[in-house]
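For reference, the chains in residue letters:
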Amino acid sequence: SNPLTRLNKYPYLWETFTGLAQNADSKVYMQTPYAIPTKQMIERVGMQPHVHHEMITNSIQQTPNPMAFSGYLRTRDEILNSGVSVFEYVGNHSIHAKSFVIDDNLSMVGSFNLDARSSYLNTESAVLIQGSKFAKELEKQMDQKKESSAVHSLKNSHIERKSTFKTIAIKVLSKISFLWRNFL
């Protein structure tokens, strides 16, 4: 877990996750409702090019948090350029799970989002579970969300289907969210 102190916490969970991801042999599979890494967080990831990285997160239609999604929307290209394939969930409701599977044998489940707030401000916790039986079951549950998701990658990018008020408002917020990013 991260420390119980207020503000400016040492990012133990971020370092744990990135350390595990950097040592992956074949796959890092992530599910998080909020993915808003800072430039420093992206630079510290250091992903291995032979490892397949996938992330499931909410779509603009399914997000329950427009402010957080606007931050993600602003950083999505950086996430894609880092080599992560992104799947935006468009099914019923929204996802709120924070789960990670590495190499079909190591799982991490907890309250940790892939964002600066979870890394440096909040007191988050997670459990590491070693074993292929749990990892396969967790991956099966994540795959169900992935099947109801639109894919984004460097080669293939999904275009939002609707221009609703929510979509327009979030896109406008994403244009000004750079102000918050400069402080993290």
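Residue numbers here run from 1 along each chain, matching the order of that chain's written sequence. Side-chain atom pairs in this predicted model are given and counted only at pLDDT of 80 or more, local residue features only at pLDDT of at least 70, and totals for whole chains, interfaces and linings cover all residues. Side-chain calculation: all heavy atoms of the structure are included, whereas hydrogens and water are not.

## Regarding helix α5 (residues 132-147)
We count a stretch as a helix when DSSP gives it H or I for four or more residues in a row; a strand needs E for two or more, and each element gets its number in order from the N terminus. The length a helix should cover is 1.5 Å for every residue beyond the first. Here α5 spans 22 Å end to end across 16 residues, near enough to the 22 Å set by a 1.5 Å rise per residue. Residue contacts follow a heavy-atom distance rule, with two residues in contact if any of their heavy atoms lie within 4.5 Å. Residues of α5 that are buried sit in contact with β1 (27-31), β3 (52-58), β5 (99-102) and β6 (106-110).

## Considerations on the nonpolar core
Grouped together as the largest cluster of nonpolar side chains are 25 residues, with contacts concentrated most on F17, V28, M30, M55, F112 and L114. Elements that contribute at least two residues to this core include exactly α1 (12-22), β1, α3 (66-81), β4 (84-89) and β5. Beyond its immediate stretch of four places on either side in the chain, M55 contacts M30, T32, A35, Y72, I79, V84, S85, V86, F87 and L114. Take the buried Ala, Val, Leu, Ile, Met, Phe, Trp, Tyr and Cys residues and link them wherever side-chain atoms come within 4.5 Å; each set so joined is a nonpolar core. Only protein chains enter the accessibility calculation, which uses a 1.4 Å probe. A residue is then buried if its area is under 20% of the maximum for its type, exposed if over 50%, and partly exposed in between. Judged by nonpolar contacts, the second largest core, of nine residues, contains Y89, I95, V101 and M142.

## As for the environment of I102
Note that I102 resides in strand β5. Between the C-alpha atoms of I102 and A24, which are 78 residues apart in sequence, the distance is 6.3 Å. Excluding residues that lie within four positions of it along the chain, I102 makes contacts with L20, A21, A24, K27 and V28.

## A closer look at the sheet that holds β6
By this definition, two strands are paired if DSSP reports at least two bridges between them. A sheet is described by the order of its strands in space; here seven strands give the open sequence β8-β6-β5-β1-β3-β4-β9, paired in mixed fashion. Every interior strand has two partners, whereas the edge strands, β8 (126-130) and β9 (149-152), have only one. Going across the sheet, the axis of each strand differs from the next one's by a mean of 15°, ignoring polarity. Where β1 lies against β5, four bridges are found, and the strand directions are antiparallel. Across the sheet, the residue bridging to M30 is F100, located in β5. The angle between two axes is taken between their N-to-C directions and runs from 0 to 180 degrees, where each axis is a line fitted to C-alpha atoms and a helix contributes only its stretch in contact. Helix-sheet contacts for α3 involve β3, β4 and β9, and the interaxial angle to β4 is about 150°.

## Observations concerning the pattern of salt bridges
By convention in these notes, a salt bridge is any Lys or Arg side-chain nitrogen within 4 Å of a carboxyl oxygen on Asp or Glu. Inspection of every chain in the model, using the stated rule, returns four salt bridges. Residue E139 pairs with K27 through a salt bridge whose shortest N-O separation is 2.6 Å. A residue pair is termed long-range when its members are at least 10 positions apart, and E139 in helix α5 and K27 in strand β1 qualify at 112 residues. Each of the two residues, E139 as well as K27, counts as buried. Among the charged side chains, a network of salt bridges with common partners joins K27, D104 and E139.

## Thoughts on the environment of N92
Along the chain, the position of N92 falls in the loop between β4 and β5. According to the relative accessible area criterion, N92 is exposed, its value standing at 62%. Taking the C-alpha atoms as reference points, N92 and Q62, separated by 30 residues in sequence, lie 7.8 Å from one another.

Without other data, these values stay purely geometric and don't point to any function.
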